[in-house]
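The lines below spell out each chain.
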Amino acid sequence: MELTEAVSRIGARMKSRKVNVGHTERNASLVGGAALAVTGIKALTGRRYLPGLAMMVAGGMFLYRGKTGFCGLYQALGVDTSENAAGGVLIETFVTINRTPQQVYEFWRNLENLPSFMRHLESVEVTGENTSHWKARGPAGVTVEWDAEMVADYPGQLILWRSTGEAALPNEGTVEFREAPGDRGTELKVSIRYYPPGDGPGKAAAKMANAITGAQIEEDLKRLKQILETGETATAERTNNH
Amino acid sequence: MKAVVWHGKHNVQVDRVPDPQILNPRDAIIRVTLSGICGSDLHLYNGIVPTMKEGDILGHEFMGVVVELGSGVTNLSKGDRVVVPFPISCGDCWYCKQGLWSLCDNSNPNSFLLEKLYGDTGAGIFGYSHLYGGYAGGQAEYVRVPYADVGMHKVPEELSDEQVLFLTDIFPTGYQAAENCSIRDGDTVAVWGCGPVGLLAMKSAQHLGATNVIGIDRFPERLEMAKRHCDAEVINYEEQDVTEALHHMTGGRGPDACIDAVGTEAHGSGMEAAYDMVKQTLRLESDRPIALRQLIRACRKGGTVSIPGVYSGFVDKMPMGSVFAKGLTLRAGQTHVHRYLDPLMKLIVSGAIDTSFIITHRMALEDAPAGYRLFNEKKDGCIKIVLNPRLASGASA
């Protein structure tokens, strides 16, 4: 697979602006927006200029939101109703690390390093040239295991993996390593998409899925940055007994 | 060990707590020989800074002797006498490499809290709330110092603890505040707040070439110190209108640079001060920017407003129109202490600047609760308290 193709594969749904409005709501926005705009035009012809204009603007906003799935107001409020749309849950995180893309890549490519900074990962065991076995521990001690394969591997640039077989929590992800401008190191972009199972009681995978959040991954990447830049993980503990 | 522990607003106690341990390769443990109570500690004491927890050990101005080193620290030895900058900085991230040590990317394990509040994180700070990492402070017998290879600085033998202690915070803070004023020959620098940082900012401004410095406060003993030690003209804001007095003292131009060495708990007089006091008390406003508003109004056109005083949240009624109309430059932030250690140590060694004059009280570590009370109430001419763990309780001088 070509590099560009690999990126567009996972990035198909995350163009410049993220989708943050769910399916049903998008359709409602399209219909409602169109109606509002038409009413607005009618009001204008009836010489009610101000209300007419207001309705047209609001109608246009709803149309845009329905068509693109992006809502500026939602973004400002931090609301995202798109999560459970078909295509699983997508988490994107970014961090800049003061090391070269090759250095960051090499640390990540040694998959057995991942549990040193990813809090929910208990172990990653390399089982073949492109295959590995992952074990994660979530809330209340639930564990989920799966096999994964490396789908694309461009040294110093990109890694793409996905779970294989009957994974309880199917997932895929890309890690992109880009040189930051002006000697600022590497811009690391991590995209993880997972497909949560139904929310049945006692389902370990569902519990695990709830524990994977953007904030959690961001903290993981901060630890990665600390390890690569300072050689250790920052702690404010006073003693080992905590 | 014994340590000064925060138990709540206006409640600090000296408690027995477990000794600190080496947790990371670049850690060191020092036995504290002297620590200061900083004006910014009073913001914690008064419950202004959020995320303090009962049991937190206070203190970010301290020095001592190395008693233990992690395997990754090779440039220091046990027995070395060191000063420790108050920001905890890794020395490896882009910010540290740029000399912006207090903006370190890596040292704050609670960076997500600051990111939520401010949009990004700064360095961890010893003993200064969980926003700043939740690190144990140095008003204690022992402290764990992370990134000790860049976070500790050896002290020449001939200098006493009192001569060098203030390199940990207030001397670099006053110096950076003055440096931020881009002082040129003929400049007048006005400093709001004649506490330790304000006094050392005046000294620094003179060292950097200011022709006149003006100190503003309401406590006669502080104004006296500004006159006597910093060769400053002074304004008592309870007796004079500050803006008018500055206008007169500068031929109607206003000071070329103004330094806010007061920060979030400013006092003032009249309706405006009452407004901010009420709002801050009711938590409708997190800071009281009375001094800052005055600085902005008083500063000459094209001048600089330099803010070493601590602000932690939102302020009301900022005269942005004045900032814009007069083309002012605003500079602020925590001090990049590490970058000033060498040059300022040289100034102390050469005798160009002596900072120990600000010490008014020497107390035993165990008497810290009384010290906090005294300092907060500005009683007994208190300007700066230093705590010595080796002094017996009650043996304060």
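Values in this document were obtained by computation on a predicted structure and should not be read as measured data.

Colleague: So what about the nonpolar core? Which residues, and what values?
Modeller: In this structure, B:Phe171, B:Val189, B:Leu199 and B:Met202 are the most contacted members of the largest nonpolar core, which totals 75 residues. In terms of residues, this core owes the most to one element, helix H13 (residues 337-349) of chain B, which gives 7 residues. Residue-level mapping places this core at the junction of two domains, with at least three residues from each of domain 1 (2-169 + 335-388) and domain 2 (170-332) of chain B. Residues in contact with B:Met202, not counting those within four places in the same chain, are B:Val191, B:Gly193, B:Cys194, B:Val213, B:Gly215, B:Ala226, B:Cys230 and B:Ala232. In this structure, A:Val89, A:Trp108, A:Met150 and A:Met208 belong to the second largest nonpolar core, which totals 39 residues.

Colleague: Go over the packing of helix H5 (residues 101-109) of chain A against helix H7 (residues 214-230) of chain A, please, and point to the residues and values.
Modeller: Residue and element names in this part refer to chain A. Remark: H5 packs on H7, axes separated minimally by 12 Å, with the N-to-C direction vectors making an angle of 115 degrees. Classified by the angle their axes make, H5 and H7 are roughly perpendicular. Helix-helix and strand crossings are classified by hand; for H5 and H7 the assignment is right-handed. Judged by residue contacts, Val104, Phe107 and Trp108 of H5 engage Leu221, Leu224, Ile227 and Leu228 from H7.

Colleague: Tell me about the side chain of A:Glu229, and name the residues and values.
Modeller: Checked against the element boundaries, A:Glu229 lands in helix H7. Residues contacting A:Glu229, with those up to four places away along its chain left out, are A:Thr96, A:Ile97, A:Asn98, A:Arg99, B:Asp92, B:Cys93 and B:Asn106.

Colleague: Before we move on, can you summarise the sheet that holds strand E15 (residues 304-307) of chain B with the specific residues and values?
Modeller: All names here are of chain B. Across the sheet, which stays open at both edges, the 6 strands sit in the order E13-E12-E11-E14-E15-E16 with parallel pairing between neighbours. With one partner strand each, in any of the chains shown, strand E13 (233-236) and strand E16 (329-332) form the two edges of the open sheet. Taken pair by pair, the neighbouring strands of this sheet meet at an average axis angle of 20 degrees, ignoring direction. The pairing of strand E12 (residues 212-217) with E13 spans 4 bridges and is classified as parallel. Its bridge partner being in E13, Ile216 is matched across the sheet by Ile235. Across the sheet, helix H7 (residues 196-207) is in contact with strand E11 (188-192), E12 and strand E14 (257-260); its angle to E12 comes to roughly 170 degrees. Most of the contacts of helix H9 (residues 242-249) go to E13, to which it runs at about 155 degrees, and overall it touches E11, E12 and E13.

Colleague: I'd like a rundown of the interface of chain B and chain A, residues and numbers included.
Modeller: In this assembly, 31 residues from chain B lie in contact with 19 residues from chain A. A combined buried area of about 2,100 Å² lies between chain B and chain A, and 45% of that area is made up of carbon and sulfur atoms. If you look at where chain B meets chain A, you find 2 salt bridges. Here A:Lys222 ties to B:Glu115 by a salt bridge, and the two come within 2.5 Å at their closest N and O atoms. Summed over the shared surface of chain B and chain A, the result is 14 residue pairs in polar contact (both at pLDDT 80 or more). The dominant element in the side of chain B that touches chain A, judged by the number of residues it contributes, is helix H3 (residues 111-118) of chain B, at 3 residues. When grouped by side-chain class, the residues that make up the side of chain B that touches chain A number 14 nonpolar, 8 polar and 9 charged.

Colleague: Can you break down the sheet that holds strand E1 (residues 2-8) of chain B residue by residue, with the values?
Modeller: All names here are of chain B. Ordered in space as E2-E1-E4, the 3 strands form an open sheet in which the pairing is antiparallel. On the outer flanks of this sheet lie strand E2 (11-16) and strand E4 (56-57), each paired with one strand and no other. In terms of strand pairing, E1 meets E4 through 2 bridges, oriented antiparallel. Following the sheet pairing, Trp6 is matched in E4 by Asp56. Contacts from helix H14 (residues 368-376) reach E1 and E2, with the element oriented near 160 degrees to E2.

Colleague: Any chance you could break down the pattern of salt bridges for me, citing the residues and the numbers?
Modeller: All names here are of chain A. If you walk through the whole model with that rule in mind, you get 23 salt bridges over all chains. One salt bridge in this structure joins Arg109 and Asp153, with 2.8 Å as the shortest N-O distance. In this pair, Arg109 is assigned in helix H5 and Asp153 in strand E4 (residues 143-154), connecting sequence segments 44 residues apart. Given the relative accessible area of 24%, Arg109 is considered partly exposed. Take Asp153: its relative accessible area is 28%, and that puts it in the partly exposed class.

Colleague: Kindly report on unusual backbone geometry, identifying the contributing residues and their values.
Modeller: Unlike most non-glycine residues, A:Asp183 shows phi in positive territory, near 65 degrees. Of note, A:Asp183 is situated in the loop between strand E6 (171-179) and strand E7 (186-194). Positive phi, normally seen in glycine, also occurs at B:Lys317, with a value near 50 degrees.

What counts and what doesn't
Residues numbered from 1 in each chain as written. Chains lettered and ligands numbered in written order. Predicted model: local features only at pLDDT ≥ 70, side-chain atom pairs only at ≥ 80, totals over all residues. Heavy atoms only, no water. Core = buried A, V, L, I, M, F, W, Y, C linked by side-chain atoms within 4.5 Å. Buried < 20%, exposed > 50% of the residue type's maximum accessible area, 1.4 Å probe, protein only. Helix = DSSP H or I, 4+ residues; strand = E, 2+ residues; numbered from the N terminus. Domains from an automatic or database assignment. Contact = heavy atoms within 4.5 Å. Axes fitted to C-alpha atoms, helices over the stretch in contact; angles between N-to-C directions. Parallel < 35°, antiparallel > 145°, perpendicular 65-115°, else oblique. Left-handed = near helix turned anticlockwise from the far one by under 90°. Pairing = 2+ DSSP bridges. Buried area = accessible area lost by both parts, 1.4 Å probe. Salt bridge = Lys/Arg side-chain N within 4 Å of Asp/Glu carboxyl O. Polar contact = N/O pair within 3.5 Å; in protein donor to acceptor, adjacent residues only side chain to side chain. Nonpolar A, V, L, I, M, F, W, Y, C, P; charged D, E, K, R; others polar.

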